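Below, each chain spelled out in residue letters.
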Amino acid sequence: MNMNDPIASLLGSWATELNLYSVLLRVAVSVVFAAMIGCERASKRHAAGQRTFILVALASTMAMMLDKSFSPSNPQIISAAAVIAIAIISSNSILYSSKNQIKGLTTSVALWACGVIGLTIGAGLYTVSVIGYAALMCCLALFPTFEIDLKNRSNHFEVHLELKNREDLQRFITTMRTLGLKIDDIEANPAYINSGLSVYSVSLTVRQKDRAKYSSHQEMIKAINTLDFVYYAEEID
């Protein structure tokens, strides 16, 4: 299978076998790819940084090379265990903030994907690894722009809302209806019980006939923040 890999064929037969030079190449490629992915995550101040991604990819690459060395024709037991371990580790990077936001989901999946790329590198599938790496970097670096645009075009969004007094909740509901916003759900946030504020997670929908009033969700949030009984409001990602 490796001989059908264009990059492996270009490098020569040594790259498809397990020897000192191919091991060094696979480890080097794994470290470089993981470092670039980790750098992108670290630049956006995410929990898992460069070293974490490097270690995950390196462990996967070594696991696959061990499988290839011990039992080249049998099921990849060590590699399968590595994937499961990475999935468990990456799940620990998912956190819930005080604003009921899920944090670290993209980084968690990126760690798992980085581990899978490490497996393909360890298997000597260089072309697959390059394509997988390029696709992952595009997802992390380029797609957020399109995702934000799609979210702004959506009629549905969720708001972290801080009211000055609990009694102002009814005023907020009435005002939202006046602004052309339908309240789908309101959930009190228990993290702010002793803060002196009344804090809620509010799901809103812009009625289609009122959609032209607002060019983006930021405009809607800005309008909410101008209300005298609102202490603070921001969109939940």
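Structure shown above.
In this report, we go over the structure that sits alongside the text. Just so you know, these numbers come straight off a predicted model, no measurement behind them.

A cluster of nonpolar residues, Leu11, Trp14, Leu20, Tyr21 and Leu24, forms a patch on the protein surface that exposes about 550 Å² of accessible area. Among the elements that line the nonpolar patch, the one with the most residues is helix α2 (residues 20-43), at three residues. Position of tryptophan 14 relative to the elements: it lies in the loop between α1 (6-11) and α2.

Burial analysis of strand β3 (residues 156-163) places six of its eight residues in the buried class, which makes it a mostly covered element. Here eight bridges tie β3 to strand β5 (residues 198-206), and the two strands are oriented antiparallel to one another. Bridge pairing in β5 links leucine 163 to serine 198. Of the pairings in the sheet, the one linking β3 to strand β6 (residues 230-235) comprises five bridges and is antiparallel in character. The residue of β6 that forms the bridge with leucine 163 is valine 230.

On to the packing of aromatic side chains. By the definition in use, this model includes one aromatic pair. Ring centres of phenylalanine 33 and tyrosine 133 lie 4.2 Å apart, and the angle between their planes is 10 degrees; this geometry places the pair in the stacked category. Note that phenylalanine 33 is positioned in helix α2 and tyrosine 133 in helix α6 (residues 126-141), a separation of 100 residues in sequence. Overall, tyrosine 133 belongs to the buried group, its relative accessible area being 16%.

With that out of the way, let us pick up a negative patch on the surface. A cluster of like negative charges, contributed by Glu158, Asp184, Asp185 and Glu187, occupies part of the molecular surface. Ranked by residues supplied to the negative patch, first place goes to strand β4 (residues 181-188) with three residues. Examined against the element boundaries, aspartate 184 turns out to sit in strand β4.

Each value, and the rule that gives it
Residues numbered from 1 in each chain as written. Predicted model: local features only at pLDDT ≥ 70, side-chain atom pairs only at ≥ 80, totals over all residues. Heavy atoms only, no water. Patch = residues over 30% accessible without salt bridge, like charges linked within 9 Å, V, L, I, M, F, W, Y side chains within 5 Å. Areas by Shrake-Rupley, 256 points an atom, 1.4 Å probe, with all protein chains shown as cover. Salt bridge = Lys/Arg side-chain N within 4 Å of Asp/Glu carboxyl O. Helix = DSSP H or I, 4+ residues; strand = E, 2+ residues; numbered from the N terminus. Buried < 20%, exposed > 50% of the residue type's maximum accessible area, 1.4 Å probe, protein only. Pairing = 2+ DSSP bridges. Phe/Tyr/Trp six-rings, centres within 6.5 Å; stacked < 30°, edge-to-face > 60°. Lys, Arg positive; Asp, Glu negative; His and termini not counted. Charge placed at Lys NZ, Arg CZ, Asp CG, Glu CD.

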